[in-house]
Amino acid sequence: MKILLSTHHLYRWSGSELVTIELAEELSNLGHEVAIFSPIGAPRFLKPVLKNLKPLWYKSTAANVSLTDFDVVYSHHQTATSLLNAQKECFWDKGFRPIFIYNHLSPFEPFEFPGPFVEEIIADVILVNSPETGRKIREFGERFSDFCVFPNPAPRKFSFKKCRSSSRKLERILAVSNHRPGPLRVALQNLEKLGIQVNYLGRPSNEKRIEPEDLEGVDAVIANGKTVQYALRAKCPVFCFDSFGGPGWLTAQNFEAAADLNFSGRCTPRRSSPEELVREILDGFLSEDNRGFSIEPFFLEGHLEKLISHVQAIGERGPLRLPNSPDFRAKCRHEASIYSLITREYMKQPSVASWKRPQEFQGIVRKIQQMTKT
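Rules and cut-offs
Residues numbered from 1 in each chain as written. Predicted model: local features only at pLDDT ≥ 70, side-chain atom pairs only at ≥ 80, totals over all residues. Heavy atoms only, no water. Helix = DSSP H or I, 4+ residues; strand = E, 2+ residues; numbered from the N terminus. Rg over C-alpha atoms; globule rule 2.2 N^0.38 Å. Contact = heavy atoms within 4.5 Å. Areas by Shrake-Rupley, 256 points an atom, 1.4 Å probe, with all protein chains shown as cover. Lys, Arg positive; Asp, Glu negative; His and termini not counted. Charge placed at Lys NZ, Arg CZ, Asp CG, Glu CD. Pairing = 2+ DSSP bridges. Axes fitted to C-alpha atoms, helices over the stretch in contact; angles between N-to-C directions. Buried < 20%, exposed > 50% of the residue type's maximum accessible area, 1.4 Å probe, protein only. Right-handed = clockwise from strand over helix to strand, strands pointing away. Core = buried A, V, L, I, M, F, W, Y, C linked by side-chain atoms within 4.5 Å.

A. Layout of the overall build of the protein chain. Helix and strand counts for the protein chain stand at 15 helices and 16 strands. Taken against the 2.2 N^0.38 rule, which gives 21 Å for 374 residues, the C-alpha radius of gyration of the protein chain at 22 Å falls within 12% of a compact globule. In the protein chain, once contacts between residues fewer than 6 apart in sequence are set aside, the share between residues at least 24 apart is 72%. Carbon and sulfur atoms form 51% of the exposed surface of the protein chain, whose accessible area is close to 17100 Å². Across the protein chain, the centroid of the 49 positively charged side chains sits 6 Å from that of the 43 negatively charged ones.

Below, the structure is given as structure tokens:
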């Protein structure tokens, strides 16, 4: 299939960026033609990503995207609205459209919620990253009760046997966080004083994409969110804790509750002292309970196989038609204007401010496209 992945921003390694790029890589590996649309990006981020991925193309301007080129349009942040609004008359005259997939990645971030009009009318598949997000999305109306959980699953490259998950001694920890709370920071420093090696990843000093080699030789991972799925797939014990708190070591007893809230730590909100965290990390590492749960529900290829089968079944029913109504186009225009305000504010972010002039950014995109063709 020809698949367009659309997301609002691609300029640093955070949640939606990781989901988008990992989907692009896996779909490309499966033989699908993948393209990316994102109105905001940073060259330092895009160059290595696009060089390795070599998608069909990358576009930052909705007017340069023809939806008739695609079988499927996958959308974060309601970016599909700007694409629909920018289509030429021939698209609307033809009356046929691709399959639309919407993914929602947070139960509390408003930018991840359904838009006011378009998704409810045109979505064929609605995804959420956790049951908690699904419960929130359901509040937006009956249409949003029919969703599938797509739980930020980890790609197959994290299935390896080089972590020290069978170790009986805690010697090396990988600590991943963009917002590590003070007590945990002090606890990790105290563990280092005890001779335990701690490798740190995350903002502000060591922001990068998590790769399998980061988990090689590690006895345990301290993190929340998507990093937890990576560690699970690598069969590495996880101490789930961050700014929201957390259950600590993932066990058969707390795993389901932690997964329900996307391993955010909100399942067990608490404040712990550095001394309490050190004691919990050291005493709980030897527990057999931190191995007693299934990790297969967090394999990307399994979820993607189900999603592709679902999409193909929709396609087999016959061509999908656009809503034949001036009212729908008016709603597209209205919703696009709302989201243009969000884009305008994102353009003020320091990490993208130097590329805010469209002509300059388009020049960078052209250079990246030339690079991916060679």
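That covers the picture; the talk isn't over yet.
B. Up close: the sheet that holds strand 6 (residues 72-75). The seven strands are arranged 5-3-1-6-8-9-10 in an open sheet whose pairing can be described as parallel. Unpaired on one side and paired on the other, strand 5 (58-59) and strand 10 (148-149) mark the two borders of the sheet. Inspection of the sheet shows strand 6 paired to strand 8 (residues 99-104) by four bridges, in the parallel sense. Along strand 8, the bridge assignment pairs Val73 with Phe100. Along the sheet, helix 12 (residues 300-316) makes contact with strand 6, strand 8, strand 9 (125-128) and strand 10, crossing strand 8 at roughly 145°.

C. Spatial organisation of the sheet that holds strand 12 (residues 197-201). The mixed open sheet is built from five strands, whose spatial order is 12-11-13-14-15. Two strands close off the open sheet at either side, each with one partner strand: strand 12 and strand 15 (245-249). The average undirected angle you get between the axes of adjacent strands in this sheet is 20°. Where strand 14 (residues 238-242) lies against strand 15, three bridges are found, and the strand directions are antiparallel. In the strand pairing of strand 15, Phe239 is matched with Trp249.

D. Region of the structure containing the pairing of strand 11 (residues 172-176). Along strand 11, four of the five residues are buried, which leaves the element largely enclosed by surrounding structure. Judged from the five bridges that link them, strand 11 and strand 12 form a sheet pairing that is parallel. Across the sheet, residue Ala175 finds its bridge partner in strand 12, namely Tyr200. Following the backbone out of strand 11, through helix 7 (residues 182-193) and into the adjacent parallel strand 12, one traces a crossover that is right-handed. Pairing of strand 11 with strand 13 (residues 220-223), which is carried by three bridges, proceeds in the parallel orientation. Bridged to Ile173 within strand 13 is Ala220.

E. Quick look at the nonpolar core. With 64 residues, the main nonpolar core has Leu232, Leu250 and Phe263 as its most contacted residues. Membership of the second largest hydrophobic core comes to 27 residues, among which are Trp57, Ala62, Ala123 and Ile137.

F. Molecular detail of the pairing of strand 15. In terms of burial, strand 15 is a largely internal element, five of the five residues being buried. Hairpin connection from strand 14 to strand 15: two residues lie between these consecutive antiparallel strands.

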